[in-house]
There are 2 protein chains.
Amino acid sequence: MARTKSPNYEAQQQNILENAARLFAEQSFPSASIAQLAELCGMSKPLLYHYYRDKSHLLFDIADTYVDKLVGIVDAAARQGLPADAHLRLLIERFMEEYASSRHYHMVLVQDVKFLGETERKQVKAKQAGVVAAFAELIARLRPELPAAQVKPVTMTLFGMMNWTFTWFRADGAIDRAGMARIVSQLFLHGVYGCGEGTDYEQVSEGVPR
Amino acid sequence: MARTKSPNYEAQQQNILENAARLFAEQSFPSASIAQLAELCGMSKPLLYHYYRDKSHLLFDIADTYVDKLVGIVDAAARQGLPADAHLRLLIERFMEEYASSRHYHMVLVQDVKFLGETERKQVKAKQAGVVAAFAELIARLRPELPAAQVKPVTMTLFGMMNWTFTWFRADGAIDRAGMARIVSQLFLHGVYGCGEGTDYEQVSEGVPR
DNA sequence: CCTACCGATCGGTAGG
DNA sequence: CCTACCGATCGGTAGG
């Protein structure tokens, strides 16, 4: 009888991916060493190569599973049938919530995807473009008066507001991720003149199923 | 007699710095090789080490000269004695204008400063914190009603709007850097509901000396 | 200002 | 003839 895969195979693979994401985020992909990763995972290099055929496949798996998660959030929000502004606020909430647990994955997506081979890089970039397109369509629906040439810049500026949090936001401050989502929504929709006491939205995710 | 420095010494150093910034931005500091840099600069490795004592000193010079430039922009804008909202719009314009020619320097500042030694890293980070503090004070002056805990998050969100342009903005599109500055100012002050045809500010930099 | 090197470490794989 | 795993070392290249 052929032996089956260890019941821990997937768990081991997940553990490696988690450690690799952290290492790549901290040191950048090319300078993170496989020896170091293997040590972090408590295994020998040959055993690590049993789970991942090479270093770049590890990078692809990190980026691809993470971008799939973002696509999933976009799709789930679209199924709620909300009006445009509530839809956008829900998306911002869900992204900021996801970001709380995806720091290293996101940093790898931003700074290391360029080190993938062309085929794999294009696959990740295409999914990423889908996420951006969903936000852009929603913004165009929200503000039909917005000149077409401004939709992309405005959309990317919203991503800047959210994604820049990875460079400075720490959960130990006075504001948590849910609070950050409200600040981003409020700033993006109404600007700083629309921010401050008593101008907050309530969370739109209350009572919305995942 | 001691030999004098070549009259081209500073020019050579500048050329090296420019090429190094590009290489570090593209490949990340640890994986960019000195041999590759020397070849780009058309010189041997030993000659390159004549201008810069080691790899990390090159990284420090890139980050430090660039952050000094940003501090200079902040100081020059403060000397204009403008009201808070015009002051902020001028700062956003000047930053976006500077960003047009500082792509690689900025990317190195964001992604590679962590590879500096502690002393040098702290020096750069302190200057960077000064730039952020100047924006934060201005925003607090613009919106005194803003709860103190929100000033830092709102300020960093503005930096997100500007700094994220390095990941997507290309000058060949329908919108140029001056147009991007107007979009960022408009979004930050009045939100997307305040954007669109006929809601644009004129440039505040018209007639303002540098 | 060059060629020639160093100690160390890289990603990946051999035999068992 | 498979999967799981080790100690040791491969050919090349890094910063200096």
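Cut-offs and rules
Residues numbered from 1 in each chain as written. Chains lettered and ligands numbered in written order. Predicted model: local features only at pLDDT ≥ 70, side-chain atom pairs only at ≥ 80, totals over all residues. Heavy atoms only, no water. Near = heavy atom within 4 Å. Polar contact = N/O pair within 3.5 Å; in protein donor to acceptor, adjacent residues only side chain to side chain. Helix = DSSP H or I, 4+ residues; strand = E, 2+ residues; numbered from the N terminus. Nonpolar A, V, L, I, M, F, W, Y, C, P; charged D, E, K, R; others polar. Contact = heavy atoms within 4.5 Å. UniProt positions renumbered as here; feature names shortened; annotations may be inferred. Core = buried A, V, L, I, M, F, W, Y, C linked by side-chain atoms within 4.5 Å. Buried < 20%, exposed > 50% of the residue type's maximum accessible area, 1.4 Å probe, protein only. Salt bridge = Lys/Arg side-chain N within 4 Å of Asp/Glu carboxyl O. Least-squares fit on C-alpha atoms with pLDDT ≥ 70 in both. Axes fitted to C-alpha atoms, helices over the stretch in contact; angles between N-to-C directions. Parallel < 35°, antiparallel > 145°, perpendicular 65-115°, else oblique. Left-handed = near helix turned anticlockwise from the far one by under 90°. Buried area = accessible area lost by both parts, 1.4 Å probe.

## Structural notes on the protein's contact with DNA strand C
Working step 1: As a matter of local geometry, DNA strand C sits amid A:Ala32, A:Ser33, A:Ile34, A:Lys45, A:Pro46, A:Tyr49, A:Asp54, A:Lys55, B:Ser44, B:Pro46 and B:Leu47.
Working step 2: The contact atoms of DNA strand C, taken as those within 4 Å of the protein, divide so that sugar and phosphate hold 54%.
Working step 3: One nitrogen or oxygen atom from the main chain of A:Ala32 is found 2.9 Å from a phosphate oxygen belonging to DNA strand C.
Working step 4: Within the side chain of A:Tyr49, one N or O atom sits 2.8 Å away from a phosphate oxygen of DNA strand C.
Working step 5: When contributions to the surface near DNA strand C are tallied by element, the ones reaching two or more residues are helix H3 (45–51) of chain A together with helix H3 (45–51) of chain B.
Working step 6: Counting residues per element, the surface near DNA strand C draws most heavily on H3(A), at three residues.
Working step 7: Taken together, the residues that form the surface near DNA strand C break down as six nonpolar, two polar and three charged.

## Considerations on the environment of B:Met96
All names here are of chain B.
Working step 1: Tracing the sequence through the fold places Met96 in helix H5 (residues 84–100).
Working step 2: In sequence terms Met96 and Gly179 are 83 residues apart; their C-alpha atoms lie 9.5 Å from each other.
Working step 3: Other than its neighbours up to four places away in sequence, Met96 contacts Met162, Thr165, Arg177, Met180 and Ala181.

## Describing the protein's contact with DNA strand D
Working step 1: Looking at DNA strand D, there are 12 residues lining it, with A:Ser44, A:His50, B:Ala32, B:Lys45 and B:Tyr49 nearest.
Working step 2: Atoms of DNA strand D within 4 Å of the protein: sugar and phosphate make up 59%, bases the balance.
Working step 3: Note that a base oxygen of DNA strand D is positioned 2.9 Å from one of the side-chain N or O atoms of B:Lys45.
Working step 4: Between DNA strand D and the protein, one listed contact pairs a phosphate oxygen with a side-chain N or O atom of B:Lys55 at 3.1 Å.
Working step 5: At the level of elements, H3 of chain A together with H3 of chain B are the ones that each hand at least two residues to the surface near DNA strand D.
Working step 6: Examining the composition of the surface near DNA strand D, we find that three residues originate from one element, H3(A), more than from any other.
Working step 7: Of the residues contributing to the surface near DNA strand D, the split by class is five nonpolar, four polar and three charged.

## Overview of the UniProt feature "DNA-binding region" (unreviewed entry) in chain A
Working step 1: What UniProt calls "DNA-binding region" (unreviewed entry) maps, in this numbering, to residues 33–52 of chain A.
Working step 2: As annotated, residues 33–52 of chain A comprises 70% helix and 0% strand, and the C-alpha atoms at either end are separated by 14 Å.

## Description of the nonpolar core
Working step 1: Formed by 142 residues in total, the largest nonpolar core has its most connected members in A:Phe95 and B:Phe95.
Working step 2: Residue contacts for A:Phe95: discarding those within four places in its chain leaves A:Leu70, A:Ile73, A:Val74, A:Val131, A:Phe135, A:Phe159 and A:Met162.

## Focus: the pattern of salt bridges
Working step 1: Following the criterion strictly, the structure yields 14 salt bridges over all chains and no others.
Working step 2: A salt bridge links A:Arg89 to A:Asp85; its shortest N-O distance comes to 3.5 Å. You can see A:Arg89 and its partner A:Asp85 sitting in helix H5 (residues 84–100), four residues apart, about one turn around the helix.
Working step 3: Residue classification places A:Arg89 among the buried positions, given a relative accessible area of 9%.
Working step 4: The residue B:Glu98 makes a salt bridge to B:Lys69 at a minimum N-O spacing of 3.6 Å. Residue B:Glu98 is located in helix H5, and its partner B:Lys69 is located in helix H4 (residues 55–78); the two are separated by 29 residues in the primary sequence.
Working step 5: Take B:Glu98: its relative accessible area is 11%, and that puts it in the buried class.
Working step 6: By relative accessible area, which is 46% here, B:Lys69 ends up partly exposed.
Working step 7: Connected through salt bridges with shared partners, the residues A:Asp64, A:Asp68 and A:Lys127 form a single ionic network.

## What about the relation of the copies chain B and chain A?
Working step 1: Rotating chain B by 180 degrees about the axis while translating it 0.0 Å along that axis superimposes it on chain A, leaving an RMSD of 0.1 Å. Both copies of the chain, as the preceding transformation shows, are related through a two-fold rotation axis. For chain B, the minimum C-alpha distance to the rotation axis belongs to B:Gly191 and amounts to 1.9 Å.
Working step 2: In this assembly, 100% of the residues forming the interface of chain B have copies in chain A that are likewise at the interface, indicating an isologous arrangement.

## Description of the packing of helix H4 (residues 55–78) of chain A against H5(A)
Residue and element names in this part refer to chain A.
Working step 1: Axis separation between H4 and H5 bottoms out at 10 Å; the angle between their running directions is 150 degrees. If you check the angle between H4 and H5, you find them roughly antiparallel. Classified by chirality, the crossing of H5 by H4 is right-handed. Residues Tyr66, Lys69, Leu70, Ile73, Val74, Ala77 and Ala78 of H4 form the contact with H5, whose own contacting residues are His87, Leu90, Leu91, Arg94, Phe95, Glu98 and Tyr99.
Working step 2: Looking at the contact of H4 with H5 residue by residue, the classes come out as 10 nonpolar, one polar and three charged.

## Remarks on the interface of chain B and chain A
Working step 1: The partner chain A presents 42 residues to the 42 residues of chain B that form the contact.
Working step 2: The largest share of the area that chain B buries against chain A comes from B:Trp164, B:Val192 and B:Tyr193, three residues that together contribute 19% of it.
Working step 3: Scanning the region where chain B abuts chain A turns up zero salt bridges.
Working step 4: Where chain B packs against chain A, one counts 11 residue pairs in polar contact (both at pLDDT 80 or more).
Working step 5: Listing elements by their share of the side of chain B that touches chain A, those giving two or more residues are helix H1 (9–27), helix H6 (103–111), helix H8 (148–163) and helix H10 (177–190) of chain B.
Working step 6: The biggest single contributor to the side of chain B that touches chain A is H8(B), with 10 residues.
Working step 7: Residue composition of the side of chain B that touches chain A, by class: 25 nonpolar, 11 polar and six charged.

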